[in-house]
Amino acid sequence: MDSILSIREAVAESKRCLNCKVPRCVTGCPVGNEIPRWIHALSMGNFGEAMDIINSRSSLPAVCSRVCAHERQCEGHCVLGKKGSPVKIGALERFISQFDADAALSRQTLPQKDKGRVAVIGSGPAGLTVAGLLARRGYDVEIFEREPSPGGMLMFGIPEYRLPKSVVEREIDKIRELGVKITCGVTVGVDVTVDDLFGSGFDAVFIGTGTGKPRRLDYPGGNIPAVGQAIYFLRRHQLYLSGFISRDEMIVKAGDKVVVVGCGNTAMDAARTALRVGASEVTVMYRKTINEMAALRAEYNDAVAEGVRFMWKTNIVKVNSTDGKTIESLELSIDGLTEMFEADVVLLAVGSGPARRIVSTTGGIDVDEKGYVLTRENPYGMTTRKGVFAAGDVAKQPATVVHAMQDAQLVADSIGQYVDAVSLLRQLDRPVACIRIR
């Protein structure tokens with residue numbers, strides 16, 4: 001439920017902030033949001049000032065306020081949390097970003113684009129962060145996105161009930177207002193290559209494609225069509241809601257008994273979405289215990305409240321299928337004991353890795369044994385090919401939206417420094433006019 005505080009509620013909540021001399025909430029925020037400053041501005045009724053302070057550190061505040069792990073980050077570090085009632089920082093940020101949008105308070109200055117050209121591959125949180133930061137500093141930025149609309153996993157990987165797509169579209173519009181061009185329906189590595197981008201005049205290229213290749217589990221029957229990927233299911237559900245595909249093109253049908261393997265936030269999203277599209281039963285199976293799950297406890301509690309079942313210390317050993325298409329039953333190992341289980345669909349949410357479309361068509365970009373792009377510490381985020389940078393999930397183990405943004409902020413600084421150096425060298429190569437001195 002996308003609830004928004006009223007003005008009275010937001011001001012009252014903001015006044016609970018103690019304005020600590022050493023604000024632990026800032027320490028807990030991956031992007032270093034100046035939380036006490038904007039909360040104080042909010043408490044004084046200076047909503048525009050509060051929004052300006054947030055914008056100085058975050059390119060996607062309306063998104064972060066909804067999907068960040070507040071209980072582990074800012075709110076988890078709030079000193080009032082010791083008494084069981086931390087300041088509701090996420091709700092306050094959601095209020096400010098919504099109030100700003102409704103009242104059209106802030107309009108960002110459009111800087112002159114005279115510092116060089118940067119191509120951004122992917123329009124997820126990392127790509128949007130890099131594009132927004134560089135555009136604000138005067139760089140000419142173009143985003144290339146393979147999907148029919150921008151947003152990446154924000155649009156196609158997080159369900160509507162957790163992150164309304166109107167919110168994502170509004171944040172993307174703010175990026176466009178900075179002069180960023182977004183070209184959709186272009187797959188870099190297929191339609192164009194990184195070399196093509198450099199050839200067309202870009203000074204630097206940023207790869208922010210995330211991890212688009214889900215992992216599979218190796219057991220008998222695990223490759224039949226009724227065993228699918230949770231992230232693909234979520235993506236196709238959003239494509240259906242957007243009118244790009246029909247209802248019968250989704251793997252989960254009305255009345256299906258669905259099993260979700262894994263226990264991260266993607267697993268929670270898939271389980272709750274399966275119920276919303278008509279599954280009769282949804283069971284999450286996890287090989288470890290509840291105390292070891294990656295999902296936020298709040299997401300787990302919401303899933304339980306909606307009717308999702310959970311089975312702990314459970315592994316699928318075999319998928320029984322006669323026709324090689326449909327599931328007859330699952331053979332499970334539950335804490336070492338064997339049990340049969342009825343299911344129609346299995347959705348895997350066991351992690352993902354980067355696709356190889358870009359690195360396989362571009363020379364000089366090295367990857368590790370798992371396919372993650374190798375980057376340097378200095379300049380931060382540059383790959384083994386000069387002028388090509390990467391951040392977010394494609395360069396590290398998959399993380400949260402805000403951690404991808406944190407990484408992208410640092411890389412944006414390096415890209416700016418690199419492009420400035422390239423521009424300076426280009427100017428030094430130009431002939432210098434002789435000046436006659438009398």
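Before any of the text, the structure's been laid out above.
Owing to the predicted nature of the structure, the values given are computational and were not obtained by experimental measurement.

1. Section: helix α13 (residues 265-276)
Line of reasoning, step 1. The terminal C-alpha atoms of α13, which comprises 12 residues, lie 17 Å apart, in line with the 16 Å expected from a rise of 1.5 Å per residue.
Line of reasoning, step 2. Looking at the buried residues of α13, the elements they touch are α12 (230-241), β7 (257-261), β8 (281-285), α14 (297-305), β9 (309-311) and β13 (345-348).
Line of reasoning, step 3. In the segment just after α13, Gly278 is the residue with positive phi, at about 110°.

2. Some points on the sheet that holds strand β12 (residues 337-341)
Line of reasoning, step 1. Pairing in this open sheet of 3 strands is antiparallel, and the strands run β10-β11-β12 from one edge to the other. The two strands at the open ends of the sheet, each matched to only one other strand, are β10 (314-320) and β12. Averaged over all pairs of adjacent strands, the angle between strand axes in this sheet comes to 25°, irrespective of strand direction.
Line of reasoning, step 2. Sheet topology places β10 next to strand β11 (residues 329-334); 6 bridges connect them, and they run antiparallel. Its bridge partner being in β11, Ile316 is matched across the sheet by Leu332.

3. Considering the sheet that holds strand β6 (residues 227-229)
Line of reasoning, step 1. In space, the 5 strands of this open sheet follow the order β6-β13-β7-β8-β9, with parallel pairing throughout. Each having just a single partner strand, β6 and β9 make up the two edges of the open sheet. Neighbour-to-neighbour, the strand axes of this sheet turn through a mean angle of 25°, independent of strand direction.
Line of reasoning, step 2. Alignment of β6 against β13, held across 3 bridges, turns out to be parallel. Along β13, the bridge assignment pairs Val227 with Val346.
Line of reasoning, step 3. In the packing of α13 onto the sheet, contacts are made with β7, β8, β9 and β13, and the angle to β8 comes to roughly 170°.

The rules behind these values
Residues numbered from 1 in each chain as written. Predicted model: local features only at pLDDT ≥ 70, side-chain atom pairs only at ≥ 80, totals over all residues. Heavy atoms only, no water. Helix = DSSP H or I, 4+ residues; strand = E, 2+ residues; numbered from the N terminus. Expected span 1.5 Å × (residues − 1). Contact = heavy atoms within 4.5 Å. Pairing = 2+ DSSP bridges. Axes fitted to C-alpha atoms, helices over the stretch in contact; angles between N-to-C directions.

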